Amino acid sequence: MKQYIFVIASRMAAWRSILKMDCVALLAMTMISGAAYALNVDTPLANAGQEARARHLFYEIRCVVCEGESIADSPAEVAQAMRKNVREQIVEGKSDAQIKEFLTRQYGERVLMKPPFENHKMLWLSPGLFLLLGLAAAWWLLVRRKKA
Amino acid sequence: MRFLPLIMIGLLSLVLAFSVLKKEKPVDAFASPLVGKPLPAIVIDGRDVAQMVQGEATVINFFASWCAPCRLEQPELMALARRDNVPVVGIAWKNSQEDAAAFLEKHGNPFRFWLSDVEGKSTVPFALTGVPETLVVNAKGIVVYHTKQSLNRSLVKEEILPLIERINP
């Protein structure tokens, strides 16, 4: 019996020390991630109009290492560097089209959240075509049923 | 017109079959926009990278102390530097000088010189998607090779060394 009590007591002590260590580790991790986040915070542009333009553009540019996420939403290092680059280009006086063109040259069309119409006509037109086809079929069936 | 649903399904199947059977580039295919062009003119750490490597074929490696694959490729970079026929230059991407220096002290320093790009200014001009990435530049400052892979023995032996032999005989 004594043996059992000893085993239970020692296990409880072990768990207590693990929990204590976990709390310390959790606290340390929170502090480290907080510091890392502080380092990763973007510096907005002083000019409010330019900053608004930059933020609008962020939603049109895809993060090149994320799945379907814009650089506005992504916490990735690359996305942060891309946001910084967009802000720099705006300050240099580049237009939105020029910025998007430069990024497309560097990373290909996948960097744009919306694929350009001229290179992806079928992709853009197919939903409308299918809708028209469906409506035409429905109309034709209705007319046919009325006649019957 | 009782076959209309059948025709619709047929049309949809054709579209689906076309999109599936259409030959597409493999996902891992990577065509760097830098290859064949002069090294981007960019100042890192107060120094113009293109000017610093001018006149000599050079291997440029982007690394970071927090990047695990960079640790794995470090022996390959050390071996490349020991060959003495091409200088290896490092750019610590999104990494402070102190952290990068500590990393190089621990894992070996293969670089003739290295710069610290704390803010990641090189990202878009070099079309980087992360680290490690490696470029080979010829003596005229034209980029002749760019890989996003972590360097390993076969990559160095089959792609990088023959290229260096060719541009820097």
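Structural notes, computed from the coordinates. Here the structure is a predicted model, which means the values were calculated and not measured.

Reading the values: rules and limits
- Residues numbered from 1 in each chain as written.
- Chains lettered and ligands numbered in written order.
- Predicted model: local features only at pLDDT ≥ 70, side-chain atom pairs only at ≥ 80, totals over all residues.
- Heavy atoms only, no water.
- Contact = heavy atoms within 4.5 Å.
- Buried area = accessible area lost by both parts, 1.4 Å probe.
- Salt bridge = Lys/Arg side-chain N within 4 Å of Asp/Glu carboxyl O.
- Polar contact = N/O pair within 3.5 Å; in protein donor to acceptor, adjacent residues only side chain to side chain.
- Helix = DSSP H or I, 4+ residues; strand = E, 2+ residues; numbered from the N terminus.
- Buried < 20%, exposed > 50% of the residue type's maximum accessible area, 1.4 Å probe, protein only.
- Arc of directions from axis to C-beta.
- Expected span 1.5 Å × (residues − 1).
- Disulfide = S-S within 2.5 Å.
- Pairing = 2+ DSSP bridges.
- Axes fitted to C-alpha atoms, helices over the stretch in contact; angles between N-to-C directions.

Facing 21 residues of chain B, the contacting portion of chain A comprises 23 residues. With both sides pooled, the region where chain B packs onto chain A buries about 1700 Å², and carbon together with sulfur makes up 71% of that total. In this structure, the salt-bridge partner of Lys84(A) is Glu119(B), at a minimum N-O distance of 3.9 Å. Taken together, the connections running from chain B to chain A amount to six residue pairs in polar contact (both at pLDDT 80 or more). At five residues, the largest contribution of residues to the side of chain B that touches chain A is made by helix H1 (residues 4–21) of chain B.

All names here are of chain A. When we look at burial in helix H2 (residues 48–58), the residues that qualify are Glu51, Ala54, Leu57 and Phe58. Buried residues in H2, looked at end-on, bunch into an arc of 120°, giving them a common side. In this structure, the buried side of H2 is in contact with helix H3 (77–91) and helix H4 (96–107). Taking the backbone nitrogen of Gly49 as reference, a side-chain oxygen 2.9 Å away marks Asn47 as the first, capping residue of H2.

With that settled, consider the pattern of salt bridges. All names here are of chain A. Counting across every chain of the model gives 14 salt bridges over all chains. The partner of Arg55 in a salt bridge is Glu51, with the nearest N and O atoms 2.7 Å apart. Residue Arg55 and its partner Glu51 are located together in helix H2, separated by four residues, close to a single helical turn. Between Lys100 and Glu60 there is a salt bridge, and its shortest N-O distance comes to 2.5 Å. Of this pair, Lys100 sits in helix H4 while Glu60 is found in the loop between H2 and H3, placing the two residues 40 residues apart along the sequence. Judged by its relative accessible area of 25%, Glu60 is partly exposed. Ionic contacts of the salt-bridge type, sharing partners, join the residues Asp42, Glu51, Arg55, Arg83 and Arg87 into one network.

This next bit is on H4(A). Residue and element names in this part refer to chain A. Counted at 1.5 Å a residue, the expected span for H4 with its 12 residues is 16 Å, and the 16 Å between its end C-alpha atoms agrees. Within the sequence span of H4, burial applies to Ile99, Phe102, Leu103, Gln106 and Tyr107. Down the axis of H4, the buried set is contained in an arc of 110°. They therefore lie on one face. For H4, the elements touching its buried residues are H2 and H3. Following H4 by one or two positions, Gly108 adopts a phi angle in the positive range, close to 85°.

Turning next to the state of the cysteines. Working definition: the covalent bond between the sulfur atoms of two cysteines is a disulfide. For the structure shown, the criterion picks out two disulfides over all chains. The disulfide that involves Cys63(A) links it to Cys66(A), with 2.2 Å between the sulfurs. Across the S-S bond linking Cys63(A) and Cys66(A), the dihedral sits near 55°, which makes this disulfide right-handed. Owing to a relative accessible area of 1%, Cys63(A) belongs among the buried residues under this scheme. The disulfide partner of Cys67(B) is Cys70(B), and the S-S distance across this bridge is 2.2 Å.

All names here are of chain B. Sheet architecture is open: five strands sit in the order E5-E4-E3-E6-E7, paired in mixed fashion. In this open sheet, the two edge strands, each paired with only one partner strand, are strand E5 (113–117) and strand E7 (143–147). This sheet shows a mean twist of 15° between the axes of neighbouring strands, independent of strand direction. The strands that helix H3 (residues 68–82) touches are strand E3 (58–63), strand E4 (88–93) and strand E6 (133–137); relative to E3, the one it contacts most, it runs at about 160°. Helix H5 (residues 153–167) rests against E3, E6 and E7 of the sheet, and its axis sits at about 170° to E7.

Note that all results are geometric; they support no functional claim without further evidence.
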